[in-house]
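# Observations on chain architecture
Listed below are the residues making up each chain.
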Amino acid sequence: MKRLQNRIAEGGKTLPTAAAFGVLVWLAIGLVQRQLWPQLACFVASVYLMVELTNQNALLRTRSRMVSSSFILLSCQSCFLFPQLTGAVVQLCFVVAFILLFQTYQDQQSTGRVFYSFGLVGLASLFFVHTLWYVPALWVLMGTQLQSLSVRTWLASLIGLATPYWLALLWLMVPWGVEPTQWSLSLQPLAEHFGELVDIHYALPPYLLERGILLLFALVLAAGGIMHFWSRSFEDKIRIRLLYGFFITLTALTAFFIVAQPQHYDVLMRVLAVCASPLIAHVFTFTSSRLSGILFFTAIALSVALTVLSALTTSQI
């Protein structure tokens, strides 16, 4: 029997309602006053591409917009991060990279898509060098979950990662407004950039309590999604099980990175929203008990409350 929870999960008005809520949140944090149009553009593109990610890979075995709706709500909970362009770009790069990577499923000759996917990871690392932490995990997941890792695709991934840096070298070599005879190449900016990658230290971010609550709430929902998926995974096709294994691994890895290096919370939380949204959507779409309904509406109420808390935090930043 379908309950109200299931009708909402499968309803056509769920995504527009979540999108309208997202617009209100953006306006509340000062979209117009702060001129956050580039950040909003990245967010809108990420939401649209989450819809494409769901459709192309049939992440839910019923017609539902819960993945993208969960993504919106999970992101809005941390709306104090919206003004930061770096996190918005990294988030968008990850969504597009996942779309391209998933298209390589069981195709060890798909060098083009692997090149572009890792090119986006490399582009994200120009903004946030610690994105490179994910590269070894992505190689492992290509071999175990996507079954697309080969010598050719591995080399394509290396070239893709390096391409944004080759372009960055050209930018560094050509200082605008200087005569060509005075051009010179300074590697100091790149050396400082990669130096941040090996500068491992532990520092707590500001507003630690708020950030901790948001992280705990997201991880509890993700953990519920993981347990539900494992218990009901036999109902999904093998390909879907492997894709969810991809999301589960990256969700756990991102949570570890946040705990180990909390000073990078602001960007990593954006990545967590991408990886955890399918897991949250899965549990709330395919459960239909009275208890699950209570948890569903409780989660929505808490999400809205946390969004209000984040909006108040944003006003203080």
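Structure: see above.
Residues numbered from 1 in each chain as written. Predicted model: local features only at pLDDT ≥ 70, side-chain atom pairs only at ≥ 80, totals over all residues. Heavy atoms only, no water.

## Quick word on the overall build of the chain
Short version of the rule: By the criteria applied, helices consist of DSSP H or I runs no shorter than four residues and strands consist of E runs no shorter than two, each listed in order from the N terminus. Just to be clear, the radius of gyration here is over C-alpha atoms, and the globule rule we use is 2.2 Å times residues to the power 0.38.
The number of helices and strands found in the chain is 14 helices and zero strands. From first element to last, N terminus to C terminus, the chain shows the α and β order α-α-α-α-α-α-α-α-α-α-α-α-α-α. A compact globule built from 317 residues would reach a C-alpha radius of gyration of about 20 Å, and the chain, at 20 Å, matches this within 12%. C-alpha atoms of the chain, sized along the principal axes, occupy 75 × 50 × 35 Å.

## Some details on the packing of helix α6 (residues 85-102) against helix α13 (residues 265-285)
Our working definition: Here the axes come from fitting lines to C-alpha atoms, over the contacting stretch only for helices, and the angles between their N-to-C directions go from 0 to 180 degrees. Oblique is the label for any angle not covered by the other classes, which are roughly parallel (under 35 degrees), roughly antiparallel (over 145) and roughly perpendicular (65 to 115). Take the far helix as your reference; a near helix turned counterclockwise from it by less than a right angle gives a left-handed crossing, and one turned clockwise gives a right-handed crossing. Note on contacts: a residue pair is in contact if any heavy atoms of the two residues lie within 4.5 Å. Put simply, Ala, Val, Leu, Ile, Met, Phe, Trp, Tyr, Cys and Pro go in the nonpolar bin, Asp, Glu, Lys and Arg in the charged bin, and everything else, Gly too, in the polar bin.
Following both chains from N to C, one finds α6 and α13 inclined at 30°, their axes separated by 9 Å at the closest point. Comparing their axes, α13 and α6 come out roughly parallel. The interaxial crossing formed by α6 with α13 has right-handed handedness. Contact residues: T86, G87, A88, V90, Q91, F94, V95 and F98 in α6; V267, R270, V271, A273, V274 and C275 in α13. When its residues are assigned to classes, the contact of α6 with α13 shows ten nonpolar, three polar and one charged.

## Quick look at the side chain of S150
For the record, the criterion: Polar contact is the term for a pair of N or O atoms within 3.5 Å; when the atoms are in protein, one must be able to donate a hydrogen and the other to accept it, and sequence-neighboring residues count only if both atoms are side-chain atoms.
Mapped onto the fold, S150 is located in the loop between α8 (134-144) and α9 (151-173). Within the local environment of S150, its side chain forms a polar contact with the backbone oxygen of Q108, the two atoms lying 2.8 Å apart.

## A look at the packing of helix α11 (residues 208-232) against α13
Taken N-terminus to C-terminus, the directions of α11 and α13 make an angle of 35°; their axes are 8 Å apart at the nearest point. In this structure, the crossing between α11 and α13 has a hand that is left-handed. Contacts between α11 and α13 involve R211, L214, L215, A218, L219, L221, A222, G224, G225, I226, H228 and F229 from the first element and Y265, D266, M269, L272, A276, L279, I280, H282, V283 and F284 from the second. Class assignment of the residues belonging to the contact of α11 with α13 gives a composition of 16 nonpolar, four polar and two charged.

## Description of the packing of aromatic side chains
Spelled out, the test is: Only Phe, Tyr and Trp rings take part, Trp by its six-membered ring, and two of them pair if their centres are within 6.5 Å. Stacked means planes under 30 degrees apart, edge-to-face means over 60, and tilted covers everything else. For the exposure calls, accessible area comes from a 1.4 Å probe over protein chains only, and a residue counts as buried if that area is under 20% of its type's maximum, exposed if over 50%, partly exposed in between. Here, over-ring charges are defined by two tests on the NZ atom of lysine or the CZ atom of arginine: distance to the ring centre within 6 Å, and angle to the ring normal within 35 degrees.
Applying the stated criterion across every chain, the model contains 22 aromatic pairs. Summarising the aromatic geometry, the rings of F98 and F102 are spaced 6.2 Å apart at their centres and angled 10° between planes, so their arrangement reads as stacked. Of this pair, F98 and F102 both sit in helix α6, four residues apart, which is roughly one turn of the helix. Take F98 and F102: they sit in the same class, and that class is buried. Both rings, one in F256 and one in F257, keep their centres 6.1 Å apart while their planes meet at 50°; by these two values the pair is tilted. We classify F256 as exposed; its relative accessible area is 53%. The structure contains a cluster of three or more aromatic residues connected by ring pairs, namely F94, F98, F102, W133, Y134, F229, Y244, F246, F247, F256 and F257. Over the face of the ring belonging to F286 we find R61, whose NZ or CZ atom lies 3.9 Å from the ring centre. Against the face of Y105 rests R239, its NZ or CZ located 5.2 Å from the ring centre.

## Details of the pattern of salt bridges
Where we set the bar: Salt bridges, as used here, are contacts in which a Lys or Arg side-chain nitrogen is within 4 Å of a carboxyl oxygen on Asp or Glu.
Scanning all chains against the criterion turns up four salt bridges. D266 is the partner of R211 in a salt bridge, and the nearest nitrogen-oxygen pair spans 2.9 Å. Of this pair, R211 sits in helix α11 while D266 sits in helix α13, and the two are 55 residues apart along the sequence. The two residues R211 and D266 agree in class, both being buried. For R232, the salt bridge identified is with E235, shortest N-O distance 2.1 Å. Take E235: its relative accessible area is 32%, and that puts it in the partly exposed class. Salt bridges here are not isolated pairs; linked through shared partners, they connect R61, R232, E235 and D236.

## Some points on α13
Quick note on the threshold: Given a helix with a known number of residues, its expected span is that number minus one, times 1.5 Å. Bend is the name given here to the angle between axes fitted to two runs of seven residues, the run ending at a residue and the run starting at it.
Taking 1.5 Å of rise per residue, the 21 residues of α13 would be expected to cover 30 Å, and the 29 Å separating its terminal C-alpha atoms lies within 8% of that figure. For α13, the principal kink sits at A276 and spans about 40°; a proline, P278, occurs within the next four residues. When you tally the buried positions in α13, you get 21 out of 21 residues, the bulk of the element.

## So, the side chain of T153
Along the chain, T153 falls in helix α9. Assessed through its relative accessible area of 0%, T153 is described here as buried. Once you skip the residues sitting within four places of it in the chain, T153 turns out to touch Q108, S110, T111, V114, M142 and S148.

## Structural notes on the nonpolar core
Formally: We define a nonpolar core as any set of buried Ala, Val, Leu, Ile, Met, Phe, Trp, Tyr and Cys residues linked to one another through side-chain atoms lying within 4.5 Å.
With 96 residues, the main nonpolar core has F98, F246, L250 and M269 as its most contacted residues. Here this core gets 15 residues from one element, more than from any other, and that element is α13. The residues touching F98, leaving out its near neighbours within four places in the chain, are L53, F246, F247, L250, V274 and C275.

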